[in-house]
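Spelled out from the first residue to the last, the chains are:
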Amino acid sequence: MTEFSIGVDLGGTNLRAAAIDRAGKMIAKVSRTTVLTKGPDSVVGDIVAGIRAVQRSVKGHKLVGVGIGSAGFMDMQKGVIRGSPNLPIFEDYPIRDEISRRLGLPVILENDANAAALGEKWMGAGKNYDDLVLLTLGTGIGGGIIVHGRILHGFVGMAAEVGHITVDPSGNPCGCGNNGCLEKHASATAVVCMAKLMGLGEVSAEDVFHLAEQGDEKAHVVWRHMGKHLGVGLAALANIFNCPLYLLSGGLLPAWDYFTPAMFEELKRRSFIFRSTPSRVEKAVLGSEAGLYGAAYLPLQEQA
Ligand SMILES: [Zn+2]
């Protein structure tokens, strides 16, 4: 009998669950909307129903456990989400234990970016590496760090918040209380703000990408600025971790050619370790499925 697990990606607007076998093959998947206004007990009911729907569609396989990736700072020991702007209703709610109780199955709760990093390590761009860092360039910047094939958690489970590395001590204020966080200077939100300051008006990050394609010099300045700050953040990571691979994912990847020259220049200048070792920065390959693969891999890895 083939063993499989179920990986869940829990977001503020929707919930996805996938059954993935030990060989890394996705055998079933469901997607549902999450209505947070119904309250935590009701949303947990939806999560459990989603997991059961996937489980029912997989016959003749042995379910090992469930892994859940969610945005927010995680308290791993307690199995609770702390400080998640997308999922405020679960603040200090015993989400892991409640889902586990209702399913009668072991459940592992994990930060979504950590899960995505593990997914890329298992079945994506990091397959041949035991050590890597993943940065997700979206509305904010999330991160996951894999050391010796496993997620680096820190003592509570809040390690790898790379979006809050300081890249400019007098930079833009961040919701975390700091100034000049990486995500305030290199995320999609930051690109939109810079574009506005450059006089490009109310545009999306995608618009700024298209403007750069059309040769708009202001748009190029925005991407260079973003790339420079990303390079500062990556240099800090390279100096600490000396990983062979740094992966970038998320909605800003199409602009790769516009932000990476400044990024590499800054990264090489600020990190002797990066420029003198065969380290690479590459695109992640699993896209929004990385979190599902990583979440599913958690129980499989525990019971290898
Ligand atoms: Zn911050």
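Each remark here, short or long, concerns the structure printed above.
On a predicted model such as this, the values are computed, not experimentally measured, just so you know. Chains are numbered independently. Their residues run from 1 in the order of the written sequence. Whole-chain, interface and lining totals are the exception, using all residues; otherwise, since this is a predicted model, local features are given only for residues with pLDDT of at least 70 and side-chain atom pairs are given and counted only at 80 or more. In computing side-chain properties, one takes all heavy atoms of the structure into account and sets aside hydrogens as well as water.

## A few points about the overall build of the protein chain
- For helices the rule is a DSSP run of H or I covering at least 4 residues; for strands it is a run of E covering at least 2, with both sets numbered from the N terminus onward. Scanning the protein chain for helices and strands turns up ten helices and twelve strands.
- The globule rule used for comparison is 2.2 Å times the number of residues to the exponent 0.38, while the radius of gyration itself is calculated over C-alpha atoms. Computed over C-alpha atoms, the radius of gyration of the protein chain comes to 20 Å, within 12% of the 19 Å expected from 2.2 N^0.38 for 304 residues, which places it in the range of a compact globule.
- Seen through its principal axes, the protein chain has C-alpha atoms that stretch 55 × 45 × 35 Å.
- Buried residues are those whose accessible area, probed at 1.4 Å on protein chains only, stays under 20% of the maximum for their type, while exposed residues exceed 50% and partly exposed ones sit between those limits. Across the 304 residues that make up the protein chain, the buried fraction comes to 53%.
- Any pair of residues with heavy atoms lying within 4.5 Å of one another is described as a contacting pair. Nonlocal contacts in the protein chain, meaning residues at least 24 apart in sequence, comprise 62% of its contacts between residues at least 6 apart.
- Total accessible area on the protein chain stands at roughly 13,100 Å², and carbon and sulfur atoms take up 53% of it.
- Positive charges come from Lys and Arg, negative ones from Asp and Glu, while His and the chain ends are left out of the count. Each charge is placed at NZ for Lys, CZ for Arg, CG for Asp and CD for Glu. Averaging the positions of the 29 positive and the 30 negative side-chain charges in the protein chain gives two centres separated by 4 Å. Under the convention used here, a 1.4 Å probe and the Shrake-Rupley method define accessible areas, while residue burial counts only the protein chains that appear.

## Considering the coordination of the zinc ion
- Here the zinc ion is held by the protein donor atoms His164 (ND1), Cys174 (SG), Cys176 (SG) and Cys181 (SG), which lie 2.0 to 2.3 Å from it.
- Coordinating donors are taken as N, O and S atoms within 2.8 Å of the metal, stretched to 3.2 Å for Na, K and Ca; because water is absent from the atoms, sites can appear incomplete. Spacing between the donor residues of the zinc ion along their common chain follows H-x9-C-x1-C-x4-C.

## Concerning the environment of Cys174
- Inspection of the secondary structure assignment puts Cys174 in the loop between strand 10 (150-151) and helix 4 (183-186).
- For Cys174, a relative accessible area of 9% gives the class buried.
- When near neighbours in sequence (up to four residues on either side) are disregarded, Cys174 contacts His164, Cys181, Glu183 and Lys184.

## Re the packing of aromatic side chains
- Note on aromatic contacts: the rings of Phe and Tyr and the six-membered ring of Trp form a pair at centre separations within 6.5 Å, being stacked when their planes are under 30 degrees apart, edge-to-face when over 60 apart, and tilted otherwise. Under the counting rule described, the total for this entry stands at seven aromatic pairs.
- Consider the rings of Trp122 and Tyr293, whose centres lie 6.3 Å apart with planes at 70°: the pair is edge-to-face. You can see Trp122 sitting in helix 3 (residues 112-123) and its partner Tyr293 sitting in helix 10 (residues 290-302), a full 171 residues away along the chain.
- Note on Trp122: relative accessible area 11%, which makes it buried.
- Taking 6.2 Å as the distance between ring centres and 35° as the angle between the ring planes, the aromatic pair formed by Trp223 and Phe259 counts as tilted. Of this pair, Trp223 sits in helix 7 (residues 217-241) while Phe259 sits in helix 8 (residues 256-270), and the two are 36 residues apart along the sequence. The pair Trp223 / Phe259 is uniform in exposure class, with both members buried.

## Quick word on helix 10
- Between its first and last C-alpha, helix 10 extends 18 Å over 13 residues, near the 18 Å set by a 1.5 Å rise per residue.
- Of all 13 residues in helix 10, twelve are buried; the element is thus mostly enclosed.
- Those residues of helix 10 not exposed but buried are Ala290, Gly291, Leu292, Tyr293, Gly294, Ala295, Ala296, Tyr297, Leu298, Pro299, Leu300 and Gln301. One less than the residue count of a helix, multiplied by 1.5 Å, gives the span that helix is expected to have.

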